[in-house]
Amino acid sequence: MGVPEPRRESGRSEILVVARRLFMSRGYRAVSTRDIADAVGVTQPAIYHHFGGKEALYVAVMEEELAAISARLDAAGRLDAPVVDRLVTAATVLAERGDHDLSQMFHDLRQEISESNRQRIGVAFRDAMLAPLLVMIEALEREGAINLSAAGMERPEVAMLLLSNVRMLVDARRGPAGGRNRTHEEIGRLAVGLLLNGVGTRTTLST
């Protein structure tokens, strides 16, 4: 009978990748640190060495995901293009990330995670996703493309509306209602079109 090979130790980044996949597919409560360790091929103490525990690992996964989205939204905001096109690019990024379904993790954030860590992720969400969108929404105001006073809305509400539009279109594409199988860019353009014009009007967005 052969001697089993010793379990290798792995780095923080590999643990994050595997934990992200398991948390998103199975939910926080159904995933243990042993599940993660077994999937990575490390010992449980390696998980605790890098993160201290399951909740801290979960928070690190969320923060890394939000940081990745933030970097791409910031890049969209710096494009040498009209602000509407920059917003379309940002919405396209959100559609792409929407396929990496965060809904399970945001549900767990509300139900399973301590108040202090909920607040921590809330700050990360604001900085990562809302801040870049708010810059572009302010630019739309300056150009006269939107009139928030007339609409009775604040900039954060407009940013959340865009996020909701993207989420709705991504969900419709793969949901039981049988939404059209749009590309990420088509979703981005439609989400911005709905934000600026509503339903029933049409604005041609540059290609």
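Cut-off values and rules
Residues numbered from 1 in each chain as written. Predicted model: local features only at pLDDT ≥ 70, side-chain atom pairs only at ≥ 80, totals over all residues. Heavy atoms only, no water. Salt bridge = Lys/Arg side-chain N within 4 Å of Asp/Glu carboxyl O. Helix = DSSP H or I, 4+ residues; strand = E, 2+ residues; numbered from the N terminus. pLDDT = per-residue confidence, 0-100. Contact = heavy atoms within 4.5 Å. Buried < 20%, exposed > 50% of the residue type's maximum accessible area, 1.4 Å probe, protein only. Polar contact = N/O pair within 3.5 Å; in protein donor to acceptor, adjacent residues only side chain to side chain. Core = buried A, V, L, I, M, F, W, Y, C linked by side-chain atoms within 4.5 Å.

Asker: Explain the pattern of salt bridges to me, please; I cannot follow it from the model alone.
Answerer: Any two side chains of opposite charge can pair if their charged atoms end up close together. The final tally for this structure, using the stated rule, is twelve salt bridges. Between D171 and R167 there is a salt bridge, with its nearest N and O atoms 2.8 Å apart. With D171 and R167 both in helix 9 (residues 155-174) and four residues apart, the pair spans about one turn of that helix. Each of R20, E65 and R97 takes part in salt bridges that share partners, so that together they form one network.

Asker: Any chance you could explain the confidence of the model for the protein here in plain terms?
Answerer: Close reading of the predicted structure is inappropriate where its pLDDT is low. Residues with a pLDDT of 70 or more make up 86% of the protein, whose mean pLDDT is 86. The low-confidence segment residues 1-9, where pLDDT is below 50, has twelve contacts with residues more than four positions distant or belonging to other chains.

Asker: What is the right way to read the environment of E65 from this model?
Answerer: When you line up the elements, E65 lands in helix 4 (residues 54-77). Classification of E65 as buried rests on a relative accessible area of 4%. In sequence terms E65 and R97 are 32 residues apart; their C-alpha atoms lie 9.1 Å from each other. Engagement of the side chain of E65 in a polar contact is seen with the side chain of R20, the distance being 2.9 Å. At a separation of 2.9 Å, a polar atom in the side chain of E65 contacts the side chain of R97.

Asker: Would you take a moment to explain the nonpolar core for this structure?
Answerer: In summary, soluble globular proteins display a tendency toward joint burial of nonpolar side chains. Grouped together as the largest cluster of nonpolar side chains are 62 residues, with contacts concentrated most on F23, I36, L57, Y58 and L133. Considering every element that reaches this core, the biggest residue donor is helix 7 (residues 115-143), with eleven residues.

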